[in-house]
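So you can see what is in the structure, the chains are spelled out below.
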Amino acid sequence: MASPEENPSSSKIARGKIRISEEWSKAAVSITFGSQDSPQPTVLVCGPKNSGKSTFSRHLLNVLLQKYKKVAFLDTDIGQTEFTPPGVLSLCIIDKPTPDLEIICMKTPERCYFFGDVSSSRDPGKYLQCVYALYDYYRDELCKSENSKSSMVELPLIVNTPGWIKGSGYEVLVKMLNYVSLTHVVKLRSYNDSKDLPRGAFWCDNGCNHSTLLEIKAVIDCATCPLTLQKIAALFREIKMIAYFRQCIPSGSNLNRNKVLARALAALLPYEVPISSIKVRHLHCQVPSSEVFYSLNASIVGLGISSEKSPDIHLCVGLGIVRGIDLFKGLLYVITPVPLRLLEKVDILLQGFIQIPQGFLQAQGCVSPYSATDVLPIC
Ligand SMILES: Nc1ncnc2c1ncn2[C@@H]1O[C@H](COP(=O)(O)OP(=O)(O)OP(=O)(O)O)[C@@H](O)[C@H]1O
């Protein structure tokens, strides 16, 4: 059998079984079934890296689904995304529990933005703009009934946050906590006090806290993990990207190893995109105009839709790989799992620092399939 890293269909890394401590269990139950007349839960989960924020969030999601038909999941952890590829801020609506908390599930978000990096550090302002826009959409569009905008739809919210909680990462978290209207804040504590968030309602200057604060202990001590945290994080990002592009291949295909998937992707008929019909924008640096297509070739791009209302941030319908560029024909070739009806709305390609998985560049029978030398003729 293929190892889990090699087998994108299982998309599981061999780790210990997930354990839900009594404290975690009680916290999830009290948030969900707290009291009859309390408002629907809106919960933010925070804490240091690898303290179990994602694991607890997914457990809470399952418990909330015992009471509510649907739950909104706002994922702001762009380095370790839950249901989307890395670099994406998303709002997903979940209506089915996932009993195996280790399994990787890809979902089509209700709304998302491509940030193009695995941490907010390059542009905290734009990162927060995206978080606020997603929350506003949840509050103003999803929670209001379609028939009567004055009555509320029952839709609890979980906000999963990044583990970068020092320096400007801390400031970003405090701003998020003050923007979102929360019934509960769940704070994970690790086995190393110096890595933890300050005790109490640290985001309130003047006793403004109206939410219930639950401080719970991490179940595992990551200092004892056999792999370094950076290695695990990078591995997970690669696995999620692979799982995302796997959706390009019709389900039922026997792609039990990444090598086979890489070959199938390289052989896929790409979409043709007329260069004249789209804009290209690098999100985090300036590319000289003579180099734009060289930097775009063989890269991962966010498929964006421009909006006059918010010129700085672009809604995104998904990601694509720029498979090749033919300047004579004026065409870009793009591979993506996004359906054509959504692709027709795309008018901007967003480039960032999200890397194409290494495995995709080594498809059997092709030499670096995404960087062929004859697809970029010099004009
Ligand atoms: N309750 C648990 N039982 C077993 N393993 C756990 C548990 N909680 C976390 N882990 C393991 O610890 C690692 C980190 O967990 P998780 O991704 O939930 O942390 P996180 O705080 O969201 O991390 P990050 O800050 O990187 O997003 C994972 O490999 C996860 O499977």
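Quick caveat: nothing in here was measured; it's all calculated off a predicted structure. (Residues numbered from 1 in each chain as written. Predicted model: local features only at pLDDT ≥ 70, side-chain atom pairs only at ≥ 80, totals over all residues. Heavy atoms only, no water.)

1. Focus: the nonpolar core
Grouped together as the largest cluster of nonpolar side chains are 44 residues, with contacts concentrated most on Phe245, Leu332 and Phe360. For this core, the elements supplying multiple residues, two or more each, are β4 (111-114), α5 (229-246), α6 (258-266), β10 (300-305), β11 (315-326), β12 (331-335), α8 (340-343) and β13 (348-351). Among the elements that take part in this core, α5 stands out by supplying 8 residues, more than any other. Here this core spans two domains, and each of domain 1 (22-224) and domain 2 (258-375) adds at least three residues to it. Beyond its immediate sequence surroundings of up to four residues, leucine 332 is in contact with Tyr271, Glu272, Val273, Ile275, Ile278, Phe293, Leu296, Val322, Gly324, Ile325 and Leu349. Core analysis: the second largest hydrophobic core is formed by 37 residues, Ile78, Leu128, Val180 and Ile313 among them. (Core = buried A, V, L, I, M, F, W, Y, C linked by side-chain atoms within 4.5 Å. Buried < 20%, exposed > 50% of the residue type's maximum accessible area, 1.4 Å probe, protein only. Helix = DSSP H or I, 4+ residues; strand = E, 2+ residues; numbered from the N terminus. Domains from an automatic or database assignment. Contact = heavy atoms within 4.5 Å.)

2. A few points about the packing of helix α3 (residues 124-142) against helix α4 (residues 168-179)
Viewed as axis vectors pointing N to C, α3 and α4 meet at an angle of 20 degrees, and their least axial separation amounts to 11 Å. Of the possible angle classes, the one that applies to α3 and α4 is roughly parallel. α3 and α4 meet at a crossing whose hand is right-handed. Note on element contacts: α4 touches α3 through Val172, Lys175, Met176 and Tyr179, opposite Pro124, Tyr127, Leu128, Val131, Tyr132, Tyr135 and Asp136. Considered class by class, the residues forming the contact of α3 with α4 number 9 nonpolar, no polar and 2 charged. (Axes fitted to C-alpha atoms, helices over the stretch in contact; angles between N-to-C directions. Parallel < 35°, antiparallel > 145°, perpendicular 65-115°, else oblique. Left-handed = near helix turned anticlockwise from the far one by under 90°. Nonpolar A, V, L, I, M, F, W, Y, C, P; charged D, E, K, R; others polar.)

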